[in-house]
Amino acid sequence: MKLKILLTSCMVGSVLFLGGCTRMYNSNEVSLANTNQVLSYETGTVTDVRMVVIKDNGSGTMIGAITGTVLGSLLGNGKGNVLTTLGGGLAGAYVGTELDKANAEELFIKLDNGKNIVVVAKGVDIRRGDRVRIVLNGNQVVRVERI
């Protein structure tokens, strides 16, 4: 019985820890893939900002379902065990999906060259009228930062 409680506590802690990590982002962080590369940037002015939610890419759902299934299988006996396993998997999938969502901002930017672009960025606090630098790797946005 103590082993079941210990396993359950460890797995719940892992899901909460992993779910929390998916939301961490700092515009000063640089991906390892962007090191030792020539990046470019453009500057412009933010003309509008809209709050958006980035949906789960499936990883949170999968981790949640697996964790919920394992936790559910630790409860109940016989036919009750089947129900708790199924219920745990479904509940875990839902929780994992919700934990993996992230708040972001859709930035409408008028570049200094006159072109209008839209960038979705998370972890930045940029407002209408702010001057920004968009760091690019080809057409991929690496980060957006206020200047």
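An account of the accompanying structure is given in this report. Quantities reported herein were computed from a predicted structural model and do not represent experimental measurements.

Observations regarding the overall build of the chain
So, point 1. Of regular secondary structure, the chain possesses 3 helices and 5 strands.
So, point 2. The order of α-helices and β-strands along the chain, N terminus first, is α-β-α-α-β-β-β-β.
So, point 3. Expressed as a percentage of its 147 residues, the buried residues of the chain come to 29%.
So, point 4. Residue pairs in contact within the chain that sit at least 24 positions apart in sequence constitute 64% of those at least 6 positions apart.
So, point 5. For the chain, the exposed surface amounts to about 9,500 Å²; the carbon and sulfur share of it is 61%.

With respect to the nonpolar core
So, point 1. Counting residues in hydrophobic clusters, the biggest one holds 12 residues: V46, L107, I109, L111, V119, A121, V124, I126, V132, I134, L136 and V144.
So, point 2. Elements represented by at least two residues in this core include exactly β2 (102-111), β3 (116-121) and β4 (131-137).

Some words on helix α2 (residues 59-73)
So, point 1. The terminal C-alpha atoms of α2 lie 21 Å apart, and with 15 residues this matches the ideal 21 Å at 1.5 Å per residue to within 8%.
So, point 2. Among all positions of α2, only G60, G64, T67, G68, L71 and G72 are buried. Projected onto a plane normal to the axis of α2, the buried residues spread over an arc of 130° and lie on a single side.

A look at the packing of aromatic side chains
So, point 1. Tallied over the entire structure, the rule returns 0 aromatic pairs.
So, point 2. The ring centre of Y41 lies 5.6 Å from the NZ or CZ of R133, which sits over that ring.

Thoughts on the pairing of β2
So, point 1. Most of β2 is tucked away, with 7 of its 10 residues classed as buried.
So, point 2. Both strand β1 (residues 40-54) and β2 contribute to a ladder of 10 bridges, which runs antiparallel. Pairing of V52 across the sheet is with A104, part of β2.
So, point 3. Two successive antiparallel strands, β2 and β3, enclose a turn made up of 4 residues, where G114 displays a positive phi of approximately 95°.

What about the pattern of salt bridges?
So, point 1. As enumerated under the stated definition, the model contains 7 salt bridges in all.
So, point 2. As a salt-bridge pair, D130 and R146 come within 3.1 Å of each other at their nearest N and O atoms. Of this pair, D130 sits in the loop between β3 and β4 while R146 sits in strand β5 (residues 140-146), and the two are 16 residues apart along the sequence.
So, point 3. Relative accessible area serves as the criterion here: at 18%, D130 is assigned to the buried category.
So, point 4. We note a salt bridge from E145 to R133, for which the minimum N-O separation is 2.7 Å. One end of the pair, E145, is in strand β5; the other, R133, is in strand β4, with 12 residues separating them in the sequence.

Parameters and conventions
Residues numbered from 1 in each chain as written. Predicted model: local features only at pLDDT ≥ 70, side-chain atom pairs only at ≥ 80, totals over all residues. Heavy atoms only, no water. Helix = DSSP H or I, 4+ residues; strand = E, 2+ residues; numbered from the N terminus. Buried < 20%, exposed > 50% of the residue type's maximum accessible area, 1.4 Å probe, protein only. Contact = heavy atoms within 4.5 Å. Areas by Shrake-Rupley, 256 points an atom, 1.4 Å probe, with all protein chains shown as cover. Core = buried A, V, L, I, M, F, W, Y, C linked by side-chain atoms within 4.5 Å. Expected span 1.5 Å × (residues − 1). Arc of directions from axis to C-beta. Phe/Tyr/Trp six-rings, centres within 6.5 Å; stacked < 30°, edge-to-face > 60°. Lys NZ or Arg CZ within 6 Å of the ring centre and 35° of its normal. Pairing = 2+ DSSP bridges. Salt bridge = Lys/Arg side-chain N within 4 Å of Asp/Glu carboxyl O.

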